[in-house]
Amino acid sequence: MQESIRDKVAIIGTGVTKFGEHWDEDADDMLVDAVYDACSEANVDLRKDIDAVWISTLYDWSGMSGWGAAEPLQWFGKPVTRVENQCASGMDAVRNAAYAVAANRYDIVLACGVEKVLDQGGRGLSQDILYWHPSLTWQSAPAYFAPCAIRAFKEWGWSREDMAKVAVKNHQNGAKHPKAHFRREITIDTVLNAPVISYPLTLFDCCALSEGAAALIVTRPDIAKTLVGDKYATIKAMALAVETQWPFFKPDWNGLSFTATVRAAEDAYWEAGIDNPRKELDFGIVHDCFTITELMTYQDMKLCKPGEGAELARAGVTAIDGEFPINPDGGLKCFGHPVGATGVRMMAELTKQVLGRAEGCQVKDAKMGFAHNLGGPQAIAAVGIVGLPS
Amino acid sequence: MAGILSYGVYVPIWRISRDEIARSVGSASMRGERAVASWDEDSLTMGVEAGLDCLAGVDPTEIDGLYFASVSSPYREKQVSSLIASVLDLRKDVYTSDFAGSLRAGTQAVKAACDGVRAGTMRKVLVIAADARKAMPRSDAEQTYGDGAVALLIGGDDKALATIEGFSTIVDPMPGPWRREEDRYAQVFDVRIDTRFGVLKNVPQAVNRVLGEVGLQASDVSKYAAYGPDARTHAAIAGQLKIDAKTQLQDSMFKDTGITGVAHCLLLLVAALEEAKQGDHIVCTSYGEGSDAFLVKATDRLDRERANHRGTQYVSSKAMLPSYGRFLTYKKEIEVGWPEWERSSVAKYWRDENWLLPLYGMKCNNCGTLQYPVRRICSVCGERDNYENVKLARRGKVFTFTHDYLLGPGNRPADGINAATRVLIALEDGCRIWLEMTDHNAEEVNVDIPVELTFRLLHEKSDFRFYGWKARPPRAGSN
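These figures come from a predicted structure and were not determined experimentally.

Cut-off values and rules
Residues numbered from 1 in each chain as written. Chains lettered and ligands numbered in written order. Predicted model: local features only at pLDDT ≥ 70, side-chain atom pairs only at ≥ 80, totals over all residues. Helix = DSSP H or I, 4+ residues; strand = E, 2+ residues; numbered from the N terminus. Rg over C-alpha atoms; globule rule 2.2 N^0.38 Å. Buried ≥ 20, exposed ≤ 12 C-beta atoms within 10 Å, placed from the backbone. Domains from an automatic or database assignment. Contact = placed C-beta atoms within 7 Å. Nonpolar A, V, L, I, M, F, W, Y, C, P; charged D, E, K, R; others polar. Pairing = 2+ DSSP bridges. Axes fitted to C-alpha atoms, helices over the stretch in contact; angles between N-to-C directions. Parallel < 35°, antiparallel > 145°, perpendicular 65-115°, else oblique.

*Asks:* I'd like to hear about the overall build of chain A, residue by residue, with values.
*Replies:* Looking only at helices and strands, chain A features 14 helices and eleven strands. Relative to the globule expectation of 21 Å for 390 residues, the C-alpha radius of gyration of chain A, 19 Å, shows essentially globular dimensions. Counting only C-alpha atoms, chain A reaches 55 × 45 × 45 Å along its principal axes. Sorting the 390 residues of chain A into buried and exposed places 59% on the buried side.

*Asks:* Provide a residue-level description of the domain arrangement of chain A, including the pertinent values.
*Replies:* Often, the extent of an interface is quoted as the loss of accessible area on bringing the components together. Residues and elements named next belong to chain A. Under the domain assignment, chain A is made up of domain 1 (10-122 + 210-234) and domain 2 (141-204 + 236-387). A separation of 23 Å is found between the C-alpha centroids of domain 1 and domain 2. The interface of domain 1 with domain 2 comprises 37 residues on the first partner and 38 residues on the second. Of all the elements in the fold, those that place two or more residues in the side of domain 1 that touches domain 2 are β1 (10-16), α4 (89-102), β4 (108-115), β7 (212-219) and β8 (233-242). Counting residues per element, the side of domain 1 that touches domain 2 draws most heavily on α4, at eight residues. Among the residues forming the side of domain 1 that touches domain 2, the class breakdown is 19 nonpolar, twelve polar and six charged.

*Asks:* Talk me through the interface of chain B and chain A; I want residue IDs and the actual numbers.
*Replies:* At the interface, 36 residues of chain B touch 32 residues of chain A. Those elements giving two or more residues to the side of chain B that touches chain A turn out to be α13 (346-351), β16 (395-404), β17 (420-427), β18 (432-436) and β20 (464-472) of chain B. Residues belonging to the side of chain B that touches chain A are distributed by class as follows: 20 nonpolar, ten polar and six charged.

*Asks:* I'd like a description of the pairing of strand β6 (residues 125-131) of chain B, backed by residues and values.
*Replies:* All names here are of chain B. The buried fraction of β6 is high, at seven of seven residues. On β6, burial covers both faces: V125, V127, A129 and D131 on one face and L126, I128 and A130 on the other are all buried. Here strand β4 (residues 65-69) runs beside β6; their pairing, made up of five bridges, is parallel. Pairing of F68 across the sheet is with I128, part of β6.

*Asks:* If you had to explain the packing of helix α6 (residues 160-174) of chain A against helix α11 (residues 291-300) of chain A to someone new, which residues and values would you point to?
*Replies:* Residue and element names in this part refer to chain A. Where α6 meets α11, the closest approach of the two axes is 8 Å, and the angle between their N-to-C directions is 95°. The angle between α6 and α11 falls in the class roughly perpendicular. Every residue of α11 that contacts α6 at D162, M163, A164, V166 and A167 is listed here: T291, I292, E294 and L295. Considered class by class, the residues forming the contact of α6 with α11 number six nonpolar, one polar and two charged.

*Asks:* So what's going on with the domain arrangement of chain B? Which residues, and what values?
*Replies:* Each assigned domain of chain B is listed here: domain 1 (2-330), domain 2 (338-346 + 394-479) and domain 3 (360-392). Distance between the C-alpha centres of domain 1 of chain B and domain 3 of chain B: 41 Å.

This is the structure:
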C-alpha cells in the first residue's frame, strides 16, 4: 500500500547563489556558498548536524559520484549520493532526501545541486556524449520542443505572439528578483525580432545557459520546530515520471502534451490530496525552458483544458497579480538553467513564497504552490508541492 | 551471353556554374555547369542511390554479386561494396568486391559481372560505379570533374533490356592521371600526352576490336557512349572513330554534370539506352591506362523497363549552389564553424546494422504497431521479444519540424548560420521516423509536405564515417 509523505518532511533552510555566468568561480565555490547559506538559515552545523547528502548535477562530474559534494565541502565519512535525472535532477535529489527523512533513517539531511556549464565552451548544452545513438537523429534542447510549437500552431491556432507573452511576463517578474541572471523587462517585439534558435523559437523563447547552486536543509517537522520555530514549510508531494528518450519515434506522439508531466502531476496531486489544482493551489513554478513548454505545462498540470494554455497567458491569469501566478520568480527565462541546481532552487522558491520571504516577487497569500521540472526530450518530469504545515 | 537487366542513375541535386568558379578564382570558364555532391554525400552514398534506382522492382535476394567501382572511395581500407550490400538488403552470401585504381574500374566491374554470369557462378550481379573526385582549387579539374553514380544489373540475356554482344580491352600504362597514397588530388604530367597517345589512340583501338569481333562496322552503331576527360577530347573521339559526331556520338553531358569519373561512360550508356529502339547497337567505352569497349544491343524489354527507373531525370533535377564558397565547403576544402565534438559510438553503429542500413522497423506481433527503431520491448504494449522485422517505406509526409541553429547539420556545434532542419515524418506505412533533412530550401519546409528518404553521411566522428538515412524533397520524377 503506497503512503503519502505529505507533511512528514519539513524544509528549514534554503541557500541559493546568484544565477548567471560565474566564469571566475568553480562549481565547488558556488556549492559552498549555497550550502553554508542553507545551514545558516536552518540553524544547523554542516559537520555536526547533517546526516546525509544528496547532490544533483548533470555535467562535468560523471563518475565523480558522491565526491560531487564530499570534496568541495570536505565532508567525509557519511553517505553522499549523486543524483542525475536530466533537467529534473535537482528535484529528484530533494525527492530522495525527503524519503530518507520520512523513513526516519536520518534526522537532518542536505539536498543540493550545482552546475558549471560554461567551462565546456561552445553554445548550448554540450552534445559530446557517447550515450546518444550515433545514427538516431540528434537535436539541440530547443529542437526537442520547437516541433511541439509547430503542432500547436497547426492544431490550436497558437502563435509566436502567444509564446512571446510568456517571455514578457517572466522577465517582468525576474527583473525584481535579486538572484536572477537576467533582470531586464522585455517587449513582445524583443522576442519576435530576436535571432531564431530553433524555428519557431527565438533567443527570447529560450532560457539561457547559466551557472549556479542551490541547497535545502530537510528534516522532520518535530525537529524543525526546535531549530526554526514555525518558520518552516512542509513537503506535500514529490513525484517523478520518466518517459521515452525518443518521443518523436512514438507511433502516437502528437506534440500537444508532455505525458511525463501529466503522469507526475497526477501522482503529486494524489499524494497532496488535491482534486482541483487551480482552486486548491495558489501559484506554480514551471519549467519554462522554452516558452512553448510553459504554455503546454498549464494544460498538463491541469490548470486548464488542452488547447487553452495560450488563453491563460493572453488573459493574464498567470501574471504575478493574476488568478494563478506562474513563475513569480521569473522562471528559467530569468534564472537560466544550471541543470543540477534548477530543481533545488525551485523548491527553495516555493519555501520562500509560502513563508512570505520572496523578496521583490511575493505572491499575495501564497500558502501552497507547485514546482515542475521537465527534462531531456520532454521525457523526465518532476513535480513538487510545498506549503505551510497543516 | 549476358545482358543488362536494369539500370539506375544518381546525380546530386547541386550544380555550380563554371562561370561562378571562373569568376571566383580568376580563370577562364569552360561554360555550363557541373554536379556537386553535398557535404553529406560521397561515392558510397551516391552508389547506394543509384543502386536503389536500379533495383526498383527487382527482388534483392536474387542478386549474387555486388561490385563497387570508384577512384574516390571514402576509405583507403574498408570495403564499400559490403556496406552497400547491407543498405540494399542483399543476401549475406552475396559476393562483393571493390574495383579501383583507374577510371576503367567501372567497365572492368561490368566485365567481371558478365564473366560471372556467363560462367554460371552468379545469376545477377549489381555493378555500381560512382565518383566524387576531389579537384585542386583553381585547377582545370575543378571545372571538368562532376559527381555522380550509375548502377547496372547484369544477368542472363533472356530477360535483358540490352544484351552485351562483346567486350574488348586495350592496356597501355600511360603516365596519368595518378594519385599517390599521400596525395589529396590526382595529378597529370601533361594532358597532351594522355590525350594524344592515350585517349585518342586507345579508345579507337578498343572500339575497333570489339566491332571486329562481332562483325560490325563503325557506322552500324547507333550511339557511342564514350568517356572523354573534357569536352574537346570527347568531340575528337568522333574524328578518330570516323563517325558522325552529331548523330552517333552520345552527348558528353559535360555542360550538365561534368565528367563523373568511373561512372561517366556508363552514365552516357544509360542516356543512350533511354533513347534507344529495339535492335539498336550502342558502344560504351572507358579510358584509363588503356581502354575498355563493350557493345550492347537493345531488346524489346527496354521500353517496359524505362518506366521503372529515374535514370537521367536526376540530371535535370537540380538546384544551383549560391557561391563558389559553398562549393569549397561541400568539398571540404574549407572548414567552417566550431571544432567538432569528436566522439560517436562505432560499436553501437555496428550492433544496430539491421535497422540503420537496410532500414528495418519492428512490427509488434501482439499489438501490430509498426515502430522504429527496433527494440526488444514494444513501445506501445510492452510485449517482449515478439516482433517481426519489417522493411520501412521510404516516402512520407512531414508531421512537424524545426530548423535547429544550436546543433547544426551533421550534429556539428552551432555556427549560428547553418541550421539543421529536422523533420518528424509519418511514413506511408504509418511508421514515425525523425530525421535530418538535406537538399532542401528551408523556406519550403512545412507540415504535410511530401519527402523521400535518402542515404547519406550522418557525421564523421571517432575518425569513422557514420552513414544513415535522411529526408529530402522528392526528386527526379519520383511518383
